[in-house]
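Chain by chain, the residues:
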Amino acid sequence: MSISTQFILNDQDIQTNFHPGILILDFLRQNEKLMGTKEGCREGDCGACTVIIGELANGKVTYKPVTSCLMPLGELHGKHLVTIEGLNLPELSPVQEAIVEEGATQCGFCTPGIVVSLTASLMEKGSEISRDSVMRALSGHLCRCTGYRSLIASETHLLNAVDNATGTDALLEKGFLPGYFRKIAERLNKIPSSSKPDGVVEDFLIAGGTDLYIQENKAIPDSPVTILNLRQELKEITRKNGYISVGALTSFEEFASHSDILEIIPEIEEYMFLIASWQIRNRATIGGNIINASPIGDMTILLLAMNAHLVLQNGIGTRTVPLTSFYKGYKQLDKTNSEVLTEILIPVPAKKTRIHFDKVSKRKCLDIASVNLAVRVEEEDGFIEEVGLAAGGIAPIPLHLKKTCSFLKGQIVSREIMEDAIAVMQEEISPITDIRGSREYKRLLARQLVIKSFIRLFPKRLSAEEFYEKY
Amino acid sequence: MKNIDAALHTRGESEYADDLPQPAEMLYAAVYGSPEAHGKVLKLDFSEANKVPGVAAVLTAKDIPGENQIGPIIQDEPLLAKEEVHFAGQPLAVVIASSPQTARKGVGFITAEFEELPIITDPKVAYAKGEIIGTPRTLAIGDVDAAWDKCDLVVEGTCDMGGQEHVYLETHRARAIPLEGNVIRIHASTQSPYACQRAAAKILGVRHHRIEVDVKRIGGGFGGKEDQATPIACMAALGAWYTGKPVELVLNRSEDMRMTGKRHPYISDFKIGATKDGKILAFEVNHYQNSGATADLSTAVLERTLYHSTNSYFIPNARISGACCRTNLPSNTAFRGFGGPQGMFVIECALEKIAEALNKPKEEIQQKNLLKKGDLFPFGQRFQNNHVQRAWKNTLSSYDIEGIRNRIDRFNSEHFGTKKGYAVMPVCFGISFTTTFMNQASALVHVYTDGSVSVTTGGIEMGQGLSTNIVKIATKAFGISSERIKLESTNTTRIANMSPSAASSTTLLNGNATVLAIKQILSRLKSFAVEELNLPDKDSFTISEEKILHNGKDTGMTWNDLVHKAYLSRIGLSAHAFFATPDIWFDKKKERGEPFAYHVVGTAIVEVTLDCLSGTYDIDSVKIVHDLGRPLNRRIDMGQIEGGLAQGLGWVTLEDLQYDEKGQLLSNALANYKVPDVYFMPDDIQVKFLTNADSELGPYGSKAVGEPPLMYGIGAFFALRHAMKAFRPDLEFPPTSPLTPERVLMSLHPEFLEEIKELEFPSHTLTEETV
Ligand SMILES: Cc1cc2nc3c(=O)[nH]c(=O)nc-3n(C[C@H](O)[C@H](O)[C@H](O)COP(=O)(O)OP(=O)(O)OC[C@H]3O[C@@H](n4cnc5c(N)ncnc54)[C@H](O)[C@@H]3O)c2cc1C
Ligand code: FES
Ligand code: FES
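From a predicted model like this one, the values you see are computed outputs, not experimental measurements.

Colleague: Talk me through unusual backbone geometry; I want residue IDs and the actual numbers.
Modeller: Residue and element names in this part refer to chain B. The omega torsion across Ser737 and Pro738 is 0°, close enough to zero to call that bond cis. Note on placement: Pro738 falls in the loop between α18 (715-727) and α19 (741-748). Look at Val167: it is not a glycine, yet its phi comes out positive at around 50°. Here Val167 shows up in the loop between β8 (153-161) and β9 (173-179).

Here's what the structure looks like:
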């Protein structure tokens, strides 16, 4: 098939008939010979391949960093792709200067990607430069040489140079971005929207691609693909009666920063700290997390506890299924091949509801859970009126802990009740031994996470000591 | 001085081997590695691979024109396996094709059949079966057997240490280009160009001078490219030889992880005896090194383990033994520290055990046994100074160990589910290649008629700042501005027979060679100045800020004038010089000698916080006093310390290398082999330098800095155990590393295992990865 993809690469207009499923990373290095973008893993874990994508909305281009090793070329249609080469100025930029000054580069292989992410963080309008913002920008990067301290120390230099005048306009004014950025919105506007017909389901449906490319890297370039992200309407978050409707293509970052979501899940940003990296969260979609059906999908676990419903669409019509009954077995879904997930409906919880999500992995950040757990409770003086519990990593599917929930409903929280609930949970779960831990460990961890979460939700009724009287 | 490469790095303009402009008609290689860990090859079928459009050739052992042998110390390693395979991932065939994707597609069509042979992954099993590489070694001092009786207390234990994947961000790669006259030029990502040259020549059956290896820089090595870059360079060279076209081979991350070796896992049995006030009288250790399938550098790694088995301590009676055990894993290899970390880990475990038995803080026992000036190591070398004591005392007082101890005790008594812990970790690391002959280097210096300078050494820039250090050394030695000095790529046609860039010795060896070459040129220039300026005594000339001074007074002549005039007077403006570390030797028969030029020492305090409910932890701080000599470049040295520390912390905590019993790598991607990230590293890292500790040998008083700081990271292991003890003082924890959150949690809750054992839940029977 030959579909033309039209976009801007740095300052250059590109029109190509390459297969839309090939990776941006390969396109850059093999075809454009732009060698500043490096390959360190091809799995989203190292950040060496980071590029910036600019998208036009309401006359403005917003930029965000992504890993080019997991993103299809076809999705660039109508967008601005910025590589390290496109950020270079005759002199060093403040980010580059900071890294040189701090000695924060050794072998240099990770460095272009890091410069790209740090620059992207300055390009976010209104963002404040802080230790946290720098660390977030580094969250998707591995550097095996420096030990990171010198990279974090770039904060001071950035503060001095940029003085919190963040955003592309402010950076342009100071001469910290190449001048061609000024005309990008205008140029993108001229690119006709994609001619790809909607609703056709090809061999591969690519959303963020962050799961799919890892599984099907070899097959995709030889197969027909549908690039879901070209369907903007699947990215909206709206309030309907009693529900918040989340478009399936909503990225983790978009989800976690939306006011409606923040209202019902106030600590969502804290959870995001434990989930993937900045670059991956910019790509990973909520829908992809659900359909991928990984037993440890973090958002899926959270949404299970929140009793979300899914809207599935095929050529003919739509239907709605509760997430709690969506998974039939390992990677087996209540979904036909021709169905696309369009929205996720999250019931707006009652006012007194509290939510908690926790995850344990080998490394705290940018790692897959050994076990994760989400809890939603409505309670009055310790009396549980309503409860949603879900856990990952302990069954072939992301597991709604149905029996544990019905046990807890109507109980008054106490240590004894929790011990009993845990015993019920142990009957419900069936972890296996794998690289993320032995089955015994996962059972223990599930127990510990329940204890930790409930202590956090009921600090007056539970304390850690009580659970250790035996020892 | 800033890193001379830094600006290029930040602009993405630094070139690595495969970033160089691609020659027309270049072909790409991909490797077919054995799917099985041990077996007889019954059939290797690549007929289908040959049919893939774009595949130019499939090369196997039969296509090797020379000798199919690349072992560096012991000749036990074929480039491409033929009759037998000894580890999963062992190269059997190389597919050459028009693109990397096509080459990999070709690999996908190759099939093989094997007759299964027994697979060994455990070094003790290998040892019992006599699968030993080289000969077991023993260093001994005093009379251990007689000493046990004099001890008030004797304890024993077994340490189990995991390996470590290098995770250089740039995976293995090489590009081979055929040139006229049967010459192949290889652009390789290697720490050892000469090893690549030597092996490629052997593989192709040509003399060394037909192979040129050129290295501009590499994207990290950490030992992983000391020896194991050789097969990659050889496979590319074989492809180029066979096809007559340039061939590039780049391993992707999963291939790299599967096919190449790592830090050696060890199992070590120890026995230690002390007086009741904590003086160590006797120590015995048996190291079983998991060497993997071939010798590679294992025997040298083991040697360093033996040398460092007493770390910073003097032990009057010791017997330190070890064997390289052959297993069916990829051959384990050099990794920053080179066996040193494993040696130190064991003695630290032993001291911890003594401290626990005597119910004293561990640092009290450590302090009582620190090396003093003149103390003997078990291999007969005397410790030359008091720096171990000084670094220790300095650390404890300047970071207030008393305060730390009290603060942590108070915290632990006030908190139930969260505990803190700390540990003090001294390091004493010997500098030099333990194989004496390797301590040699040369440098080539040219001065051009415009006064600019070109320097080539045999050292490789891999992020350690060698290029910057050499430029700085040359700047100082000449007395001219650093802009005049250009460091060239490392190339076997300009420097012959170079040792690998390793053993923290690269700046020492190559820097000294550079100084010697510059001295030759300066000597000629000064003799010339005597005549030209008609001033006596050539030694009265100096060069400073590009001016020629005589007895400190400006002669009015500039560097430019001098060089230009010297050229017209036919004075040679180039020099090649050679340096060999003096006064080191070792007698392997007697296991006695002075293998090290000097020792680098230091002490660190590591503090951690442990969430005892979930088993997760944070490393809060690492505070170090380090002996750096007179630093050549503080920025670069700090980078080496922090980077080494990160790897050391990772080795004992997160970095969980796992193989199954079939010898298949389970931690086979960065998604499941985790290295420190930005959030893992402690917020508080402090480093102070020991003053007045200059080296007489290092260029301008500098000391080696690459490896020693890694071992400070071992402190995290003991700090975590301290916190675990605070939660469960009733338990004893096995000294098994890495201390992953899983190990921590399981150790803290042994009762739970009993509970669920009784329950015997069915677990679902999936074999797929749960992702
Ligand atoms: C480095 C890295 C870190 C990660 N960390 C985490 C983590 O911490 N927690 C976590 O939960 N996950 C993590 N992931 C996994 C992944 O990012 C998430 O599962 C993500 O939500 C997948 O979404 P996607 O849009 O990228 O899916 P894709 O890869 O595009 O798609 C996944 C599957 O779903 C199908 N699909 C996608 N959208 C639809 C739709 N609307 N309708 C029908 N089918 C659809 C696709 O065809 C495909 O089969 C990580 C991944 C990487 C690479
Ligand atoms: S190459 Fe590692 S994240 Fe893309
Ligand atoms: S500088 Fe080498 S990986 Fe970061």
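This is not the end of the story, as more comes after the structure.
Colleague: Outline the interface of chain A and chain B, listing residues and values.
Modeller: Listed by partner, the interface residues are 91 residues for chain A and 91 residues for chain B. Across the chain A to chain B interface the summed buried area is about 8,100 Å²; carbon plus sulfur atoms make up 60%. Across the contact surface, chain A and chain B share 14 salt bridges. Between Asp19 of chain B and Lys38 of chain A there is a salt bridge; the shortest N-O distance is 2.5 Å. Summed over the shared surface of chain A and chain B, the number is 35 residue pairs in polar contact (both at pLDDT 80 or more). Of all the secondary-structure elements, those providing two or more residues to the side of chain A that touches chain B are α1 (24-31), α3 (94-102), α4 (111-123), α5 (131-138), α6 (149-152), α18 (415-428) and α19 (439-457) of chain A. Here the element with the most residues in the side of chain A that touches chain B is α19 of chain A; it accounts for ten residues. Its residues placed into classes, the side of chain A that touches chain B shows 40 nonpolar, 21 polar and 30 charged.

Colleague: Could you give an account of the packing of aromatic side chains, naming the residues involved and the relevant values?
Modeller: A full pass over the atoms with the stated rule returns 24 aromatic pairs over all chains. Residues Phe379 of chain B and Phe596 of chain B carry aromatic rings whose centres are separated by 5.9 Å and whose planes lie at 80° to one another, so their mutual orientation is edge-to-face. Of the two residues, Phe379 of chain B sits in the loop between α11 (362-368) and α12 (387-398) while Phe596 of chain B sits in the loop between β26 (592-594) and β27 (598-611), which places them 217 residues apart along the sequence. There is no split in this pair, since Phe379 of chain B and Phe596 of chain B are both buried. Pairwise contacts between aromatic rings join Tyr307, Phe377, Phe379, Phe383, Phe586 and Phe596 of chain B into one cluster. Sitting over the face of the ring of Trp278 of chain A, Arg136 of chain A holds its NZ or CZ atom 4.3 Å from the ring centroid. Lying over the aromatic face of Phe411 of chain B, Lys420 of chain B brings its terminal NZ or CZ to 4.8 Å of the ring centre.

Colleague: Tell me what's going on with the site of ligand 1, and back it up with residues and numbers.
Modeller: Residue and element names in this part refer to chain A. Close contacts around ligand 1 come from 33 residues, with Gly208, Thr210, Asp211, Thr285 and Asp298 the closest. Here Leu205 contributes a backbone N or O atom positioned 2.6 Å from an oxygen atom of ligand 1. A total of 970 Å² of accessible area belongs to ligand 1 in isolation, and the protein chains cover 93% of it. For the shell around ligand 1, the element with the most residues is helix α15 (residues 286-292), which contributes four residues. Looking at the shell around ligand 1 residue by residue, the classes come out as 17 nonpolar, nine polar and seven charged.

Colleague: Which residues make up the pairing of strand β22 (residues 547-550) of chain B, and what are the values?
Modeller: Residue and element names in this part refer to chain B. The pairing of strand β21 (residues 541-544) with β22 spans four bridges and is antiparallel. Within β22, the residue paired with Thr542 across the bridge is Leu549. Between β21 and β22, which follow one another and run antiparallel, lie two residues, and Glu545 among them has a positive phi close to 45°. Here β22 pairs with strand β23 (residues 553-558) via three bridges, running antiparallel. Across the sheet, His550 pairs through a bridge with Lys553, a residue of β23. What sits between the antiparallel neighbours β22 and β23 is a turn of two residues, in which Asn551 has the positive phi angle 50°.

Colleague: Talk me through the sheet that holds strand β8 (residues 237-240) of chain A; I want residue IDs and the actual numbers.
Modeller: Residues and elements named next belong to chain A. Read across the open sheet, the five strands follow the order β8-β9-β14-β10-β11; overall the sheet is antiparallel. Each having just a single partner strand, β8 and β11 (318-322) make up the two edges of the open sheet. Averaged over all pairs of adjacent strands, the angle between strand axes in this sheet comes to 25°, irrespective of strand direction. Bridging between strand β10 (residues 309-313) and β11 involves five bridges; their strand directions are antiparallel. Bridge pairing in β11 links His309 to Pro322.

Colleague: Give me the lowdown on the environment of Thr190 of chain B, citing residues and values where you can.
Modeller: Residue and element names in this part refer to chain B. Relative to the assigned elements, Thr190 resides in the loop between β10 (183-188) and α6 (193-204). On the accessibility criterion, Thr190 (0% relative accessible area) is buried. Sequence-wise, Thr190 and Gln228 are 38 residues apart; in three dimensions their C-alpha atoms are separated by 8.1 Å. Not counting residues within four places of it along the chain, the set of residues in contact with Thr190 comprises Cys196, Val213, Val215, Ile218, Lys225, Ala229 and Ile460. In terms of polar contacts, Thr190 uses its side chain to reach the backbone carbonyl oxygen of Lys225, at 3.5 Å.

Colleague: Break down the domain arrangement of chain B for me, citing the residues and quoting the values.
Modeller: Residues and elements named next belong to chain B. Partitioning chain B into structural domains gives domain 1 (22-119 + 182-257), domain 2 (370-434 + 588-771) and domain 3 (440-580). Using C-alpha coordinates to define each centre, domain 1 is positioned 39 Å away from domain 3. At the junction of the two partners, domain 1 supplies 16 residues and domain 3 supplies 15 residues. There are one salt bridge connecting domain 1 and domain 3. Between Arg494 and Asp214 there is a salt bridge, with the nearest N and O atoms lying 3.7 Å from each other.

Colleague: Tell me what's going on with helix α7 (residues 230-243) of chain B, and back it up with residues and numbers.
Modeller: All names here are of chain B. Helix length check: α7 (14 residues) gives 20 Å between terminal C-alpha atoms against 20 Å at 1.5 Å per residue, within 8%. Across the 14 residues that make up α7, a large majority, eleven, are buried. Among all positions in α7, only Thr230, Pro231, Ile232, Ala233, Cys234, Met235, Ala236, Ala237, Leu238, Gly239 and Ala240 are buried.

Colleague: Before we move on, could you go through empty space enclosed by the protein and cite the residues and values that matter?
Modeller: All names here are of chain B. Scanning the entire structure with this criterion turns up twelve cavities of 30 Å³ or more. Taken as a whole, the largest cavity holds about 510 Å³ of empty space. Where the lining of the largest cavity is concerned, the elements lending two or more residues are α15 (506-533) and α17 (634-652). Here the residues of the lining of the largest cavity sort into 15 nonpolar, 17 polar and five charged.

Colleague: Quick one: what's the story with the nonpolar core, residue by residue and with numbers?
Modeller: Among the nonpolar cores identified, the biggest contains 284 residues, and Ile265, Ile290, Ile344, Ile346 and Phe454 of chain A are the most heavily contacted of them. In contact with Ile346 of chain A, other than residues within four places in its own chain, are Gly242, Tyr243, Ile244, Val246, Phe255, Ile261, Ile264, Leu303, Met306 and Ala308 of chain A. Ranked by size, the runner-up nonpolar core spans 42 residues in total, among them Ala29, Leu79, Val213 and Ala236 of chain B.

What counts and what doesn't
- Residues numbered from 1 in each chain as written.
- Chains lettered and ligands numbered in written order.
- Predicted model: local features only at pLDDT ≥ 70, side-chain atom pairs only at ≥ 80, totals over all residues.
- Heavy atoms only, no water.
- Helix = DSSP H or I, 4+ residues; strand = E, 2+ residues; numbered from the N terminus.
- Contact = heavy atoms within 4.5 Å.
- Buried area = accessible area lost by both parts, 1.4 Å probe.
- Salt bridge = Lys/Arg side-chain N within 4 Å of Asp/Glu carboxyl O.
- Polar contact = N/O pair within 3.5 Å; in protein donor to acceptor, adjacent residues only side chain to side chain.
- Nonpolar A, V, L, I, M, F, W, Y, C, P; charged D, E, K, R; others polar.
- Phe/Tyr/Trp six-rings, centres within 6.5 Å; stacked < 30°, edge-to-face > 60°.
- Buried < 20%, exposed > 50% of the residue type's maximum accessible area, 1.4 Å probe, protein only.
- Lys NZ or Arg CZ within 6 Å of the ring centre and 35° of its normal.
- Near = heavy atom within 4 Å.
- Areas by Shrake-Rupley, 256 points an atom, 1.4 Å probe, with all protein chains shown as cover.
- Pairing = 2+ DSSP bridges.
- Axes fitted to C-alpha atoms, helices over the stretch in contact; angles between N-to-C directions.
- Domains from an automatic or database assignment.
- Expected span 1.5 Å × (residues − 1).
- 1 Å grid on protein atoms, 1.4 Å probe; cavity = no way out; pocket = protein on both sides within 12 Å on 5 of 7 lines; lining within 4 Å.
- Points joined across faces, edges and corners; volume = space filled by probe spheres on them.
- Core = buried A, V, L, I, M, F, W, Y, C linked by side-chain atoms within 4.5 Å.

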